[in-house]
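For reference, the chains in residue letters:
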Amino acid sequence: MTDIARPARRTFMCASAALGSAALLTACGDGHSEADTPEALPIPEPTGEGQALMKTKDLPVGSRALAPAKDPSGKDVGILLFRKDEKTVLAYSNVCTHQGCAVTPKSSKEDFYCACHGSRFAPADGTVTDGPAIAALPRYAAAIQGDDIIAYVTAAE
Ligand code: FES
C-alpha cells in the first residue's frame, strides 16, 4: 500500500469538466470534498522498541501534539498524538495522505490539519473529515508507560 493518495472521483470529474465547460467549474468549488473512503486504518500491534515521545503530563486528556521520532531506518519522522482518555493515547503519521505535506495538530477546529490544501483528519481515528485527502492517516501503536507516552514507530508502507 502506498501513502500517495489516489485522485478522488470527484477530482477527476472536475478536471474533465474543466475541459468542457467553465460553468461546471463552479460546481467543483475550491477543491475540497467529502471523504470518499472514510474507513480508519487499524492500529498495528506494537513491534520493535517503543520510543518515549513526551511526558504524559504534557498531553492532557483531549489534547493533541506533534512529537519527533525515528523510524526503523533512523529517519526523522513526525508523530501526531491524541490523548483520548486517561489511559489511551492514539498515534498517527503526520504525512498527509493527499500529497505528503506535514499535518499539524495546530488547528482551530480541534483536529489535525494540513495547510497545503486544507485537508482535515479526526484525532479519534485519523479519518478524513475534509478533503482533498481521501485516505485516513496511517496509525502507530502507542501506550502510556508510567510518566511517558510511548509509540512503536514502524516503517512507512
Ligand atoms: S498535501 Fe494536500 S491537503 Fe495535505
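Residues numbered from 1 in each chain as written. Predicted model: local features only at pLDDT ≥ 70, side-chain atom pairs only at ≥ 80, totals over all residues.

The name given to the protein chain in an unreviewed UniProt entry is Cytochrome bc1 complex Rieske iron-sulfur subunit, with Glutamicibacter mysorens as the source organism. The UniProt entry for the protein chain carries the following comment under Cofactor (unreviewed entry): "[2Fe-2S] cluster". (UniProt positions renumbered as here; feature names shortened; annotations may be inferred.)

A. Layout of the nonpolar core. Residues I79, L81, A91, V103, A142 and A151 are the most contacted members of the largest nonpolar core, which totals 29 residues. The set of elements that each furnish at least two residues to this core consists of β3 (76-85), β4 (88-93), β5 (112-113), β8 (139-145) and β9 (148-152). If we ignore the near neighbours within four places in the chain, the residues touching A91 are I79, L80, L81, R139, Y140, A142 and A151. (Core = buried A, V, L, I, M, F, W, Y, C linked by C-beta atoms within 7 Å. Buried ≥ 20, exposed ≤ 12 C-beta atoms within 10 Å, placed from the backbone. Helix = DSSP H or I, 4+ residues; strand = E, 2+ residues; numbered from the N terminus. Contact = placed C-beta atoms within 7 Å.)

B. View of unusual backbone geometry. Residues G131 and P132 are joined by a peptide bond in cis, for which omega reads 25 degrees. Summarising the element assignment, P132 is placed in the loop between β7 (128-130) and β8.

C. Spotlight on the environment of Y140. Considering the arrangement of structural elements, one finds Y140 in strand β8. Taking C-alpha positions, Y140 is 6.0 Å from V153, a pair spaced 13 residues apart along the chain. When residues no more than four places from it in sequence are discounted, the contact partners of Y140 are P44, I79, A91, Y92, A151, Y152, V153 and T154.

D. Structural view of the sheet that holds strand β6 (residues 120-121). Read across the open sheet, the 3 strands follow the order β5-β6-β7; overall the sheet is antiparallel. Looking at the sheet topology across the chains shown, the edges are occupied by β5 and β7. One ladder, built from 2 bridges, connects β5 with β6; its direction is antiparallel. Each bridged residue has a counterpart across the sheet, and for Y113 the counterpart in β6 is R120. (Pairing = 2+ DSSP bridges.)

E. Representation of the environment of K84 within the structure. Positionally, K84 belongs in strand β3. Judged by local crowding, K84 falls into the partly exposed class, with 14 C-beta atoms found within 10 Å. Between the C-alpha atom of K84 and that of R64, which follows or precedes it by 20 residues, the distance is 9.2 Å. With near-sequence residues (within four places) excluded, K84 lies in contact with V89, L90 and A124.

F. Summary view of the sheet that holds strand β1 (residues 51-55). If you trace the 6 strands from one edge of the open sheet to the other, you get β1-β9-β8-β4-β3-β2, paired in antiparallel fashion. Two strands in the sheet have a free side with no partner beyond their single neighbour: β1 and β2 (64-70). Within the sheet, the average angular offset between the axes of one strand and its neighbour, ignoring direction, is 35 degrees. The sheet contact formed by β2 and β3 spans 7 bridges and is antiparallel. Bridge assignment links R64 to a residue of β3, and that residue is F82. (Axes fitted to C-alpha atoms, helices over the stretch in contact; angles between N-to-C directions.)

G. Local environment of the confidence of the model for the protein chain. Model confidence for the protein chain is summarised by a mean pLDDT of 80, while 75% of its residues fall at 70 or above. Per-element averaging of pLDDT across the protein chain places helix α2 (residues 22-28) at the bottom with 32 and β5 at the top with 97. (pLDDT = per-residue confidence, 0-100.)

H. Here's a closer look at the pairing of β3. As consecutive antiparallel partners, β2 and β3 are separated by 5 residues, and within that stretch G74 has a phi angle of approximately 95 degrees, a positive value. Taken together, β3 and the strand that follows it, β4, pair antiparallel across an intervening segment of 2 residues.

I. Region of the structure containing the environment of K70. Among the structural elements, K70 can be located in strand β2. Sequence separation between K70 and Y152 is 82 residues; the distance between their C-alpha atoms is 9.8 Å. Excluding residues within four positions of it along the chain, K70 makes contact with Q51, K75, D76, V77 and V153.

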